[in-house]
Amino acid sequence: MIPAAWIRSHPLGSLCAAGLATTVLVRYGFTAAGQVVALACAVLVVLSVIDMESRRLPNRIVLPAAALVLAARVVTSPQHTAAWIGATLGAAGFFLVFALAFPGGLGMGDVKLAFLLGAMLGGAVVPAAVLGTLAGAAAAVVLLVRDGRRALGRTMPFGPFLAFGAIATALLLAP
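What counts, and at which threshold
Residues numbered from 1 in each chain as written. Predicted model: local features only at pLDDT ≥ 70, side-chain atom pairs only at ≥ 80, totals over all residues. Heavy atoms only, no water. Helix = DSSP H or I, 4+ residues; strand = E, 2+ residues; numbered from the N terminus. Expected span 1.5 Å × (residues − 1). Axes fitted to C-alpha atoms, helices over the stretch in contact; angles between N-to-C directions. Parallel < 35°, antiparallel > 145°, perpendicular 65-115°, else oblique. Contact = heavy atoms within 4.5 Å. Nonpolar A, V, L, I, M, F, W, Y, C, P; charged D, E, K, R; others polar. Phe/Tyr/Trp six-rings, centres within 6.5 Å; stacked < 30°, edge-to-face > 60°. Buried < 20%, exposed > 50% of the residue type's maximum accessible area, 1.4 Å probe, protein only. Core = buried A, V, L, I, M, F, W, Y, C linked by side-chain atoms within 4.5 Å. Patch = residues over 30% accessible without salt bridge, like charges linked within 9 Å, V, L, I, M, F, W, Y side chains within 5 Å. Areas by Shrake-Rupley, 256 points an atom, 1.4 Å probe, with all protein chains shown as cover. Salt bridge = Lys/Arg side-chain N within 4 Å of Asp/Glu carboxyl O. Arc of directions from axis to C-beta.

A.B. asks: Explain helix α2 (residues 11-28) here, please?
C.D. replies: For an α-helix, 3.6 residues make a turn, and residues three or four places apart therefore share a direction. Compared with an ideal rise of 1.5 Å per residue, which puts 18 residues at 26 Å, α2 spans 26 Å between its outermost C-alpha atoms and is within 8% of the ideal. Looking at the residues trailing α2, positive phi occurs at G29, about 85°.

A.B. asks: How do you make sense of the packing of helix α6 (residues 108-121) against helix α8 (residues 159-172) when you look at a structure like this?
C.D. replies: Geometrically, a packed helix pair is captured by the angle between its two axes and the distance between the axes. With their axes 11 Å apart at the nearest point, α6 and α8 run at an angle of 5° to one another. As far as their axial angle goes, α8 and α6 are roughly parallel. For the pair α6 and α8, the contacting residues are D110, L113, L117, M120 and L121 in the first and G159, L162, A166 and A170 in the second. For the contact of α6 with α8, a count of residues per class yields seven nonpolar, one polar and one charged.

A.B. asks: What exactly am I supposed to notice about the packing of aromatic side chains here?
C.D. replies: Given two aromatic rings, one states the distance between the centres and the angle between the planes to describe the pair. Counted by the stated rule, this structure contains three aromatic pairs. When the centroid spacing of 6.2 Å and the interplanar angle of 20° are considered together, the rings of F98 and F102 count as stacked. Given the relative accessible area of 51%, F102 is considered exposed. Ring pairing ties together the aromatic residues F94, F95, F98 and F102, which thus form one cluster.

A.B. asks: Mind showing me how you'd approach the nonpolar core here?
C.D. replies: If you look at soluble globular proteins, the nonpolar side chains tend to sit buried side by side. Counting 46 residues, the largest nonpolar core has L44, L47, F95, L113, L116 and M120 as the members making the most contacts within it. Contributions of two or more residues to this core are made by α2, α3 (32-54), α4 (59-76), α5 (81-101), α6, α7 (125-147) and α8. In terms of residues, this core owes the most to one element, α3, which gives 12 residues. If near-sequence neighbours (up to four positions away) are discounted, M120 is found in contact with V37, A40, C41, L44, V69, R73, W84, A166 and A170.

A.B. asks: Explanation requested: a nonpolar patch on the surface in the structure shown.
C.D. replies: The grouping of F94, V97, F98 and F102 at the surface amounts to a nonpolar patch, some 420 Å² of accessible area in total. Relative to the assigned elements, F94 resides in helix α5.

A.B. asks: Looking at this structure, I do not really get the pattern of salt bridges. What am I missing?
C.D. replies: One side chain can pair with another of opposite charge once the charged atoms of both are near each other. Applying the stated criterion to the full structure yields three salt bridges. In this structure, D147 and R146 form a salt bridge, with 2.9 Å as the shortest nitrogen-oxygen distance. The class for D147 is buried, based on a relative accessible area of 10%. Since its relative accessible area comes to 57%, R146 is described here as exposed. The shortest N-O distance in the salt bridge between D147 and R154 comes to 2.5 Å. Judged by relative accessible area, which is 41%, R154 ranks as partly exposed.

A.B. asks: So what exactly am I meant to see when it comes to α5 here?
C.D. replies: Counted at 1.5 Å a residue, the expected span for α5 with its 21 residues is 30 Å, and the 30 Å between its end C-alpha atoms agrees. The set of residues buried in α5 consists of W84, A87, T88, A91, A92, F95 and A99. Each buried residue of α5 sits inside an arc of 110° when the element is viewed along its axis, so together they form one side. Opposite the packed face of α5, turned more than 90 degrees from it, sit the exposed residues A82, L89, V97 and L100. Its buried side turned inward, α5 meets α4, α6, α7 and α8.

A.B. asks: I would appreciate a short explanation of the environment of L44 in the present structure.
C.D. replies: Within the fold, L44 resides in helix α3. Between the alpha carbons of L44 and G86 there is a distance of 21 Å; along the sequence they are 42 residues apart. Excluding anything up to four places from it in sequence, L44 contacts L113, L116, L117, M120, A163, A166 and I167.

A.B. asks: Explain the environment of E53 here, please?
C.D. replies: Mapped onto the elements of the fold, E53 is located in helix α3. On a C-alpha basis, the gap between E53 and L39 in space is 22 Å, while along the polypeptide they are 14 residues apart.

Here is the structure:
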């Protein structure tokens, strides 16, 4: 899922992804849920690095990861299938509304990332999205204070903030 070339060219990002996945497994235990969340967190680290570098969240990583995580959730917890699918579609739908309403502020990559977050977290995607949005807002305020009016014309990647919210939520709300 994560291209080998990326791993070779981003040793620090790869180390962070592996370290975070290990931390998740320690927190959750080596359970099905732990393995799914560990994989999702590692992918979120990779996507964050890519988004910071290129302001893109590549479909070739986001979509297969979201599908794999959702499928794993449904297979390992079939009694909650409706909740997993609902959280996945609900998160993406919510972000889609904002992307369409404010096309310059939120990209379609962020909408697709919401699929992954919903599949990863289920109903806990709501606090994760709130936390990520607040973190992004705090960073925007820092840029405004630091750079003044020059900051108004800039954009910043939102994916890393959503990833932060999801990872923090996954670690804090572990079963």
